[in-house]
Amino acid sequence: MNWNGKDTESFQQQKEYVDTALVPLVPISFESDMKETASQHEFVQLLTMLLEKQFKGRILLIPPFTYIKQQEEEEKLAALKRWSDEIDNAGFKHKLFFTSDSNWKLTEDKIDGSLIWVPAVPLEHMEDSYKYSLIEDQAKQFVNIIVHKWQQDLS
């Protein structure tokens, strides 16, 4: 399910079945790394949208948690904790945070949920058919990871 009027209405009616929040973590920057952060956003958004389709009815794709890349780690973690608490209060059993920003790996142990890091592939020069094929291949790999995380949480 996506974060839109129609799907959130369905979510409210089927809340007991939708137990996983999928949250893209997306940096922004207007510095020299602007293109890199924009590419990360594009890649993570396409990937998480495909994953949502794979698990429709079990996952709610939340809007991206967007932060300034140069922001202090403690500030980012505090803001993400507030998001995480809201997700918990909404009754989700699982929180999956997807990112292409490797800095999150340094603070992974401080995140309440599962961090899934995937290096972004620059998509700007690819034809659409090749771009979507590549993203679909990536999504297939993460289907197994997500199922494994659900199984871990059961034991």
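This is a predicted model, so every value here is computed, not measured.

K.L.:
What is the right way to look at the overall build of the chain in this model?
P.N.:
If you tally the helices and strands in the chain, you get four helices and five strands. The order of helices and strands in the chain, counted from the N terminus, is α-β-α-β-β-α-β-β-α. Relative to the globule expectation of 15 Å for 155 residues, the C-alpha radius of gyration of the chain, 15 Å, shows essentially globular dimensions. With the C-alpha coordinates aligned to their principal axes, the bounding extent of the chain is approximately 45 × 40 × 35 Å. Relative to its 155 residues, the chain shows a buried fraction of 44%. Pairs at least 24 apart in sequence give 72% of the contacts found in the chain among residues at least 6 apart. Carbon and sulfur atoms form 52% of the exposed surface of the chain, whose accessible area is close to 8800 Å². Charged side chains in the chain number 17 positive and 26 negative. The centres of these two groups are separated by 4 Å.

K.L.:
Sorry, what's going on with the pattern of salt bridges here?
P.N.:
Opposite charge on two side chains makes pairing possible when the charged atoms of those side chains draw close. Evaluation of the coordinates by the stated rule reveals 10 salt bridges. The shortest N-O distance in the salt bridge between K131 and E42 comes to 3.3 Å. With K131 in helix 4 (residues 128-154) and E42 in helix 2 (residues 34-54), this pair connects stretches of sequence that are 89 residues apart. On the basis of relative accessible area, K131 is assigned to the buried category, the value being 10%. On the basis of relative accessibility, which here comes to 25%, the residue E42 falls in the partly exposed class. Put simply, D7, E52 and K56 are held in one network by salt bridges that share partners.

Reading the values: the criteria
- Residues numbered from 1 in each chain as written.
- Predicted model: local features only at pLDDT ≥ 70, side-chain atom pairs only at ≥ 80, totals over all residues.
- Heavy atoms only, no water.
- Helix = DSSP H or I, 4+ residues; strand = E, 2+ residues; numbered from the N terminus.
- Rg over C-alpha atoms; globule rule 2.2 N^0.38 Å.
- Buried < 20%, exposed > 50% of the residue type's maximum accessible area, 1.4 Å probe, protein only.
- Contact = heavy atoms within 4.5 Å.
- Areas by Shrake-Rupley, 256 points an atom, 1.4 Å probe, with all protein chains shown as cover.
- Lys, Arg positive; Asp, Glu negative; His and termini not counted.
- Charge placed at Lys NZ, Arg CZ, Asp CG, Glu CD.
- Salt bridge = Lys/Arg side-chain N within 4 Å of Asp/Glu carboxyl O.

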